Amino acid sequence: MHCLSCGATHHKTLSEEGKGDEIAIKDLTAQAKQSPKPLKGLLLARRDQIKAEASAVASMRRSLSIANQALIDAVERAYFTGVSPALLDISQEELASFILDNGLGVALEGFTSSQDDILDAILRVIKESDPSFTLQSLPSILPIQNRTIRAVFEDVIIPDTSKALRFALNNLVFTDDKDSTIDSLSQQLKRSTGRQLTEVRTNLGIMGRQITADAGEKAGLNLFFYSGPLDGLTRAFCIPLVNKVLSKTQINKLNNRSGLGSPLRSGGGYNCRHSFSPVSQGLVEASGMKRAKSSDIQKANSGAKK
């Protein structure tokens, strides 16, 4: 299918996956039960990151519904009170403030809380190999968090919503057709929601993987365990890599063809539920983890073409 974010062919969107997160959480819980203790910790941490990402998406879906209805109500009020052409000159800052005050402000708070939950899971991953590690030693966390917020809110949600609102106001001024304007606005906001939720999930995943990679480098960990569910939604790119350990050199040879950068930070691409967990050689040996082979890299890259 075609991705709502870029038009390219990617994995299923959140709406199409339906219970994908629930399936992934159950699968990882089952994997953990059958794994040795050190590996169990990594799998449960990945499960909890998926829970945090899913919670953020659910919260954002609710907040977008509230914000979208507030916009529709505002356009209706504008019609009945008399739409002034001056409304078309409202500044981008004023539009952004209105949108945040009418639902998205709450979404921003929930998004920040989800980021903190993901940080907790990341710390647990690193502590499996380095019990003394603390996130306070990692200066890149705040810049990455802020960049993620900008990528979701400033680059996607607010521009999408502002464009829809401006179009609606313009339509009211020049056509005086309330019903047609409200219907068009409602449809446009609904179409935008799918893309926005995909961006929420994808950017949270990228944030988690980037901080995890930075933490691993800070802790001196050069091997990476590819953790995540093995279920009916798993990409052909991810299947050969799941539950295997890769070196940085091997990861650099991977290409998920998503346009999101290195798989170290993008996993399998949009909405991917897998991640590279930095691990020590001692943990690899103690847990009996499998090492990825050249053939696995080839299979993954070949699967990314589909």
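Heads up: the structure comes first, above all this text.
Residues numbered from 1 in each chain as written. Predicted model: local features only at pLDDT ≥ 70, side-chain atom pairs only at ≥ 80, totals over all residues. Heavy atoms only, no water.

Caption draft 1: The arrangement of unusual backbone geometry in detail. Even without a glycine there, the phi angle at Asn 243 is positive, about 65°. Note on placement: Asn 243 falls in the loop between strand E1 (223-227) and strand E2 (244-247). We note that Asn 271 has phi near 65°; this positive angle belongs to a residue other than glycine. Mapped onto the fold, Asn 271 is located in the loop between helix H8 (263-266) and strand E3 (275-279). Assessed through its relative accessible area of 2%, Asn 271 is described here as buried. (Helix = DSSP H or I, 4+ residues; strand = E, 2+ residues; numbered from the N terminus. Buried < 20%, exposed > 50% of the residue type's maximum accessible area, 1.4 Å probe, protein only.)

Caption draft 2: Spatial organisation of the pattern of salt bridges. All told, the structure shown has 10 salt bridges when counted by the stated rule. Ionic pairing is found between Glu 53 and Arg 46, a salt bridge with its closest N-O pair at 3.8 Å. For Glu 53, a relative accessible area of 1% corresponds to the buried category. Asp 231 is the partner of Arg 273 in a salt bridge, and the nearest nitrogen-oxygen pair spans 3.3 Å. (Salt bridge = Lys/Arg side-chain N within 4 Å of Asp/Glu carboxyl O.)

Caption draft 3: Just the packing of helix H3 (residues 37-81) against helix H6 (residues 178-218), in detail. Two numbers describe how H3 lies on H6: the axes approach to 9 Å, and their chain directions differ by 155°. Classified by the angle between their axes, H3 and H6 sit roughly antiparallel to one another. The way H3 lies across H6 gives a crossing that is right-handed. (Axes fitted to C-alpha atoms, helices over the stretch in contact; angles between N-to-C directions. Parallel < 35°, antiparallel > 145°, perpendicular 65-115°, else oblique. Left-handed = near helix turned anticlockwise from the far one by under 90°.)

Don't take any of this as a statement about function, it's just geometry.
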